[in-house]
Amino acid sequence: MHADGAGLREQRTFVRYRSQQDAINFLGTVLTDERGVALLYGPKSSGKSVAANQFVRQIQSSLAVALVDGARMRTPELLTKILEEFGYHVALSSTDEMLNMLHVFLAQQTRSNQAPLLVLENVGSMFPGALGAICKLATLTVNGRYALRLVLLSNRSIERIVKSPSMTSVAQ
């Protein structure tokens, strides 16, 4: 029997296994947590990106979301990609200009709606300077609220990253 005849063409069924649903629920805590930071790590091909993508699809209509693969990106490239994911295609000449533009965007979004969400994949492969720039963004507050929600994904333990000096302000 053809799939259309069985009524399967219209049906869109996705079976979620418990740990995947638990991961999506965990990622949801980033929206209500005071700090707004979620750290998710596991072995390669364990479903981190799948869970993050499903989470993003669930919430992207209610807030600004950027999903970026930070692997081997230096600070200027990472900030450019984040700006692009938030809808800004601009040619800025310095890291400070990019950080300032992101600060303005994050503050405006937080004041008018809800703090934007940045999902960073492959955090364990980021250059230290790029991680430092993310930490600067993560510490921005508007009216006593953090102006960026942050999900960090890695295929290796990120304890080393969380304990690094550049993460002190975010990990507290």
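A quick note: this is a predicted structure, and the numbers were derived from the prediction, not measured.

Considering the packing of aromatic side chains
For the coordinates displayed, the defined rule picks out two aromatic pairs. With centroids separated by 4.7 Å and ring planes inclined at 40 degrees, the aromatic side chains of phenylalanine 86 and phenylalanine 105 adopt a geometry described as tilted. Residue phenylalanine 86 is found in the loop between α3 (75–85) and α4 (95–112), and its partner phenylalanine 105 is found in helix α4; the two are separated by 19 residues along the sequence. Residues phenylalanine 86 and phenylalanine 105 agree in their burial class; the two are buried. An angle of 75 degrees between the planes, with centres 5.4 Å apart, marks the rings of tyrosine 88 and phenylalanine 105 as edge-to-face. With tyrosine 88 in the loop between α3 and α4 and phenylalanine 105 in helix α4, this pair connects stretches of sequence that are 17 residues apart. On the basis of relative accessibility, which here comes to 29%, the residue tyrosine 88 falls in the partly exposed class. Ring-pair connections join several aromatic residues into one group, and the members of that group are Phe86, Tyr88 and Phe105. Here the basic side chain of arginine 74 rests over the ring of phenylalanine 127, its NZ or CZ set 4.1 Å away from the ring centre.

What to know about the sheet that holds strand β1 (residues 37–41)
Spatially, the four strands line up as an open sheet ordered β1-β6-β3-β2, and their pairing is parallel. Here the strands that pair on one side only, and so sit at the sheet edges, are β1 and β2 (65–69). With direction set aside, neighbouring strand axes in the sheet form an average angle of 10 degrees. Summarising the sheet, strand β3 (residues 117–121) and strand β6 (residues 149–154) pair through four bridges and their orientation is parallel.

Re the packing of α4 against helix α5 (residues 128–138)
When two helices pack together, their arrangement is given by the angle between the helix axes and the distance between those axes. Across the interface, α4 lies against α5 with an axial gap of 10 Å and an inter-helix angle of 30 degrees. When the interaxial angle is binned, α4 and α5 end up roughly parallel. Remark: the crossing between α4 and α5 carries right-handed chirality. Contacts from Leu99, Leu102, His103 and Leu106 in α4 reach Ala133, Lys136 and Leu137 in α5. Residue composition of the contact of α4 with α5, grouped by class: five nonpolar, one polar and one charged.

Observations regarding the nonpolar core
Formed by 31 residues in total, the largest nonpolar core has its most connected members in Leu78, Ile82, Leu118, Leu120 and Ile134. Elements with a minimum of two residues in this core: β2, α3, α4, β3, α5 and β6. Judged by nonpolar contacts, the second largest core, of 17 residues, contains Ala23, Ala38, Ile59 and Val65.

Comments concerning α5
For α5, the buried fraction is high: eight of the eleven residues fall into the buried class. Of the residues making up α5, those classed as buried are Ala130, Leu131, Gly132, Ala133, Ile134, Cys135, Leu137 and Ala138.

Structural notes on the environment of glutamate 159
When you line up the elements, glutamate 159 lands in helix α6 (residues 159–162). When the C-alpha positions of glutamate 159 and leucine 39 are compared, they lie 9.7 Å apart, and in sequence the two are 120 residues distant.

Observations concerning the pattern of salt bridges
One pass over the full model with this rule turns up one salt bridge. As a salt-bridge pair, lysine 81 and glutamate 85 come within 3.5 Å of each other at their nearest N and O atoms. With lysine 81 and glutamate 85 both in helix α3 and four residues apart, this pair spans about one turn of that helix. Assessed through its relative accessible area of 29%, lysine 81 is described here as partly exposed.

Overview of the side chain of lysine 48
In this fold, lysine 48 is placed in helix α2 (residues 48–59). Glutamate 121 provides the closest opposite charge to the buried, salt-bridge-free lysine 48, at an N-O distance of 7.8 Å. Reaching out from lysine 48, the side chain makes a polar contact with the side chain of serine 46 at a distance of 3.5 Å. Among residues more than four places away in sequence, those in contact with lysine 48 are Leu40, Tyr41, Gly42, Pro43, Leu153, Ser154 and Asn155.

So, how was this worked out
- Residues numbered from 1 in each chain as written.
- Predicted model: local features only at pLDDT ≥ 70, side-chain atom pairs only at ≥ 80, totals over all residues.
- Heavy atoms only, no water.
- Phe/Tyr/Trp six-rings, centres within 6.5 Å; stacked < 30°, edge-to-face > 60°.
- Helix = DSSP H or I, 4+ residues; strand = E, 2+ residues; numbered from the N terminus.
- Buried < 20%, exposed > 50% of the residue type's maximum accessible area, 1.4 Å probe, protein only.
- Lys NZ or Arg CZ within 6 Å of the ring centre and 35° of its normal.
- Pairing = 2+ DSSP bridges.
- Axes fitted to C-alpha atoms, helices over the stretch in contact; angles between N-to-C directions.
- Parallel < 35°, antiparallel > 145°, perpendicular 65-115°, else oblique.
- Left-handed = near helix turned anticlockwise from the far one by under 90°.
- Contact = heavy atoms within 4.5 Å.
- Nonpolar A, V, L, I, M, F, W, Y, C, P; charged D, E, K, R; others polar.
- Core = buried A, V, L, I, M, F, W, Y, C linked by side-chain atoms within 4.5 Å.
- Salt bridge = Lys/Arg side-chain N within 4 Å of Asp/Glu carboxyl O.
- Lys, Arg positive; Asp, Glu negative; His and termini not counted.
- Polar contact = N/O pair within 3.5 Å; in protein donor to acceptor, adjacent residues only side chain to side chain.

The quantities given are spatial measurements derived from coordinates; they are silent on function.
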